[in-house]
Amino acid sequence: MVAKSNTGARFVDMHVVQSVPFANLNRDDNNSVKTVAYGGTERTRVSSQSWKRAARTYFQEEMGDAALRTRRIGERVARLLEEERGWPGALAARAGQHVAAGSSIKFEVDGDSAAVTTNAMVYVPHGAVAELADLAGEFRAALEGAKDIKKPSDKSVLPKDRVDGVLRSRNGVINLFGRMLAEVDDAGVDGAVQVAHALTTHGTDIELDYFSAVDDVTDVWNDSTGSAHMGHAEFSAGVFYRFATIDLKELADNLGGDLAAARELAAGFLEAFVLSLPQAKKTATAPHTIPDLVHIAVRSDRPLSFAAAFEKPVRAGQQGGYSEPSRNALAEYAAAANALLGNRGVVAAGWAGVDPKNPKELGERAASFPALIAAAIAAAYPQADR
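So, a few notes on the structure that sits alongside this text. The structure displayed is predicted, hence computed values, not measured ones. (Residues numbered from 1 in each chain as written. Predicted model: local features only at pLDDT ≥ 70, side-chain atom pairs only at ≥ 80, totals over all residues. Heavy atoms only, no water.)

Details of the packing of helix H2 (residues 73–85) against helix H3 (residues 89–101)
At a closest axis distance of 7 Å, the pairing of H2 and H3 adopts a crossing angle of 150 degrees. Taken together, the axis directions place H2 and H3 in an arrangement best described as roughly antiparallel. With respect to the hand of their crossing, H2 and H3 are arranged in right-handed fashion. For the pair formed by H2 and H3, the contact residues are Gly-74, Val-77, Ala-78, Leu-81 and Glu-82 on the first element and Gly-89, Ala-92, Ala-93, Ala-95, Gly-96, Val-99 and Ala-100 on the second. (Axes fitted to C-alpha atoms, helices over the stretch in contact; angles between N-to-C directions. Helix = DSSP H or I, 4+ residues; strand = E, 2+ residues; numbered from the N terminus. Parallel < 35°, antiparallel > 145°, perpendicular 65-115°, else oblique. Left-handed = near helix turned anticlockwise from the far one by under 90°. Contact = heavy atoms within 4.5 Å.)

So this is what it looks like as structure tokens:
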């Protein structure tokens, strides 16, 4: 990681070039591969929501800092009360109804299951479920004498301010990724992470994979021909450019200025973004590659995506393959873009990847992804080392 300044870090940009074989990481409502027309060429695309969820899931598993996003918070509380705290099933279900109906969020009642769901998804630390169960326990007598929630006009016996207070709670993953919850005052959190849609650096073709399933019984008896099921699915393959950035000031603000916590969360996200992969169709394709190249730049001015490096689709090399020309295109564009900006704003820059050649435009080579991330975090938070 080449450091050009020790102060003024504001953003950490991550640029990833990753080859993904035959797969469908992210499908649309018709189970088709998502695409985008860019530079007059159709590319395979993975939505930012899809890769962000993959990164968030990886982050939660590695950091042990999980959050729950759901409209069925009441049902989750009811299950905890019944299965872990021994409440009668009917009373636990009523308590869950009153939890879901007890906040500032409008709710609806399922006529068949009688479940009460919030109209907006709540996003809370996993520990919030236990907190809401504790609140129900505090008001158990009132719940025992209350009626079930059967329509949106029914009122909860739980105090709205206390329920809202739990819904405002947050942890590291929420401070990092943000939360939109306009229905509860002061519950919204501006995300410190921005993730772009991933797209292939070259044009791609969508392939139809025809498949059939054999009926094991008729196959053993050998009394039938044909298959029990036939169908087709869409797949593609390609080299993706992925980009994400962390707003260091936003993250620090979300954490009340706790730079040690910000440093830990930023490092966790960088690792999660590098190593995560959307899981769609994983059992049929197992496309578990790692990036060919990761370039991280710590900047003092603004985020800088290098997606424009691939507006003109790269051409395969003489021996085939898009990975090497994609890496070269990224390095060349990085040099040109930084030159246009007067080579200002870059606090530190470095890279790690499979290619032993050193693209000096991307800074100093790190021996591994962990070493690259550690160097970037040290440059982003020099004050934490003092």
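Digging into the nonpolar core
Within the largest apolar cluster, 45 residues are counted, with the highest numbers of intra-cluster contacts made by Ile-246, Leu-251, Phe-269 and Ile-296. With 8 residues, the top contributor of residues to this core is helix H10 (residues 259–275). (Core = buried A, V, L, I, M, F, W, Y, C linked by side-chain atoms within 4.5 Å. Buried < 20%, exposed > 50% of the residue type's maximum accessible area, 1.4 Å probe, protein only.)

Overview of unusual backbone geometry
Backbone geometry places Asp-186, a non-glycine residue, at a positive phi of 65 degrees. Mapping Asp-186 onto the fold places it in the loop between helix H7 (172–177) and strand S9 (193–195). Judged by relative accessible area, Asp-186 falls into the exposed class, the value being 73%. At Lys-281, a residue that is not glycine, the phi angle is positive and equals roughly 60 degrees. Under the relative-accessibility criterion, Lys-281 is labelled partly exposed at 28%.

Focus on the pairing of strand S14 (residues 346–353)
For S14, a buried count of 8 out of 8 residues is recorded, marking the element as mostly surrounded by other parts of the structure. Bridging between strand S13 (residues 293–299) and S14 involves 7 bridges; their strand directions are antiparallel. Pairing of Arg-299 across the sheet is with Val-346, part of S14. Relative to strand S15 (residues 364–365), S14 runs parallel, the two being bridged by 2 bridges. Bridged to Trp-351 within S15 is Arg-365. (Pairing = 2+ DSSP bridges.)

Here's the deal with the side chain of Thr-204
Along the chain, Thr-204 falls in the loop between strand S10 (198–200) and strand S11 (207–213). By relative accessible area, Thr-204 is classed as buried at 9%. Polar contacts involving the side chain of Thr-204 include one to the side chain of Thr-44, which spans 2.8 Å. For Thr-204, the residues in contact, after removing those within four places along its chain, are Glu-42, Arg-43, Thr-44 and Ala-237. (Polar contact = N/O pair within 3.5 Å; in protein donor to acceptor, adjacent residues only side chain to side chain.)

Section: the environment of Leu-265
Following the sequence through the fold, Leu-265 ends up in helix H10. A C-alpha to C-alpha distance of 36 Å links Leu-265 and Glu-42, two positions 223 residues apart in sequence. The residues touching Leu-265, leaving out its near neighbours within four places in the chain, are Phe-59, Asp-65, Gly-172, Leu-176, Leu-251 and Leu-255.

Quick word on the packing of helix H1 (residues 48–63) against H10
In the contact formed by H1 and H10, the axes pass within 8 Å of each other and the chain directions differ by 125 degrees. Considering the angle they form, H1 stands oblique to H10. Two packed elements cross with a definite hand, and for H1 against H10 that hand is right-handed. Judged by residue contacts, Trp-51, Ala-55, Tyr-58, Phe-59, Glu-62 and Met-63 of H1 engage Glu-264, Leu-265, Gly-268, Phe-269, Glu-271, Ala-272, Phe-273 and Leu-275 from H10.

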